[in-house]
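# Analysis of the macromolecular model
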Amino acid sequence: MVTTQERASARPGGSGVAAIEIKDLVVNYGAKRAVNGLSLSVPAGSVYGFLGPNGAGKTTTIKTLLGFRTPSGGSASVLGHDIVTESVELRARTGYVSEVNSLYDSLTVSQMCAFCRSTALQWNQDTVDRYIKRFNLPENVRVRQLSKGMSRQLAFSLAMGADPDLLILDEPTSGLDPIARHELLNRLVGEIASEGKTVFFSSHILSEVETVADWVGIVKAGRLVISDELDHLKQSQKVLKLVYADPPTAEELATLNATPGVGRIEQEGRSVRIMVNGDADALARSIREKGSNLRDVEVVGLTLEDLFLEYMKEDGGDH
């Protein structure tokens, strides 16, 4: 995988620059607060997975960044352009594939290309044709006759027409079969990122995010829970699994709770699961030395899905 630093340096002027900068963003839908003081920085040249449960504010955030929603508070910039005062400029440099079909059903594939070309500030039809050919999309078939997966592929092809510096994808693999999902995420997103472009995408398929993202941000109830490089997050967040000869007593559990580095504790019979804050190996050694009732202590790494579920268990707040 190409590193974030390599991607950023590949983009002219991209080193050390944030492609997306969000500060205390608030977005209301009537009385409902969909985004609640969100602050987030997306490094230029990164592939950034934007994660959260349904209703967390992911799609609202994306629409607000693109100027489709007006923020109720806070500020944000995309590629250095303010999302309120410079939305036209930022959209000219941003490719976007929405969660729902936004294509005109009555147009053919070629007519859809012509329409997008006529409304774009800049357009590279050769790039669009290359992706249409790669996806084997029939140019004379109307959009309404395409499968859901083919419609997603067409939307992706059109999003690349402006040769964007930033590609924003909202649930990009929705409706795609496993082979097409692999092609889109592993191959195409990788190719785009290797050119120094930034990819910012939401997805509920965490195993797929883990294969391509180098940064992840998790939101819950419209607020940021965590944002970090994925490799660092996985290295720094570990779990200890303890197995006792007899079920641990209340005194033993209280001692664990008071041990530095011990986070949330979950007990089931003779087994105890500890979320580690800090050096997992050092904590494991310390617990082994003090636990006469212990049979086994195991340090376990977490997948992105494990990490996501752990953060969803938290009561909330910024980390």
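In this report, the structure presented in the accompanying data block is examined. (Residues numbered from 1 in each chain as written. Predicted model: local features only at pLDDT ≥ 70, side-chain atom pairs only at ≥ 80, totals over all residues. Heavy atoms only, no water.)

## Remarks on helix α4 (residues 109–119)
Threshold: Think of it in three bands: with a 1.4 Å probe and only protein chains considered, a residue is buried below 20% of the maximum accessible area for its type, exposed above 50%, and partly exposed in between. Strands here mean DSSP runs of E at least two residues long; helices mean DSSP runs of H or I at least four residues long; both are numbered from the N terminus. Arc definition: directions from the helix axis to the C-beta atoms. By definition in these notes, contact holds between two residues if any of their heavy atoms fall within 4.5 Å.
If you check which residues of α4 are buried, you get V109, M112, C113 and C116. The buried residues of α4 all sit within an arc of 100° when viewed along its axis, so they share a single face. Residues of α4 that are buried make contact with α5 (125–134) and α6 (148–159).

## What to know about the nonpolar core
Nonpolar side chains in soluble globular proteins generally cluster together in the buried interior. Selection rule: Joining through side-chain atoms within 4.5 Å is the link that ties buried Ala, Val, Leu, Ile, Met, Phe, Trp, Tyr and Cys residues into a set, and such a set is a nonpolar core.
Counting residues in each nonpolar core, the largest one holds 51 residues, and the members touching the most others are L154, F156 and F201. When residues of this core are assigned to their parent elements, the largest contribution, seven residues, is made by helix α7 (residues 178–194). For L154, the contacting residues outside a window of four places in its chain are L103, V109, I132, L137, V143 and L146. Membership of the second largest hydrophobic core comes to 27 residues, among which are A56, I83, W215 and L224.

## Things to note about the side chain of Q153
Here Q153 is to be found in helix α6. Given a relative accessible area of 13%, Q153 falls into the buried group. Discounting residues that sit within four places of it in the chain, Q153 has contacts with F135, L137, L176 and A180.

## Thoughts on unusual backbone geometry
In this model, L79 sits at a positive phi of 55°, which is unusual for a non-glycine residue. Mapped onto the fold, L79 is located in the loop between β4 (73–78) and β5 (81–82). A positive phi angle is found at A221, which is not glycine, with a value near 55°. Following the sequence through the fold, A221 ends up in the loop between β9 (215–220) and β10 (223–229). Residue A221 is classed as exposed on the basis of its relative accessible area, which comes to 54%.

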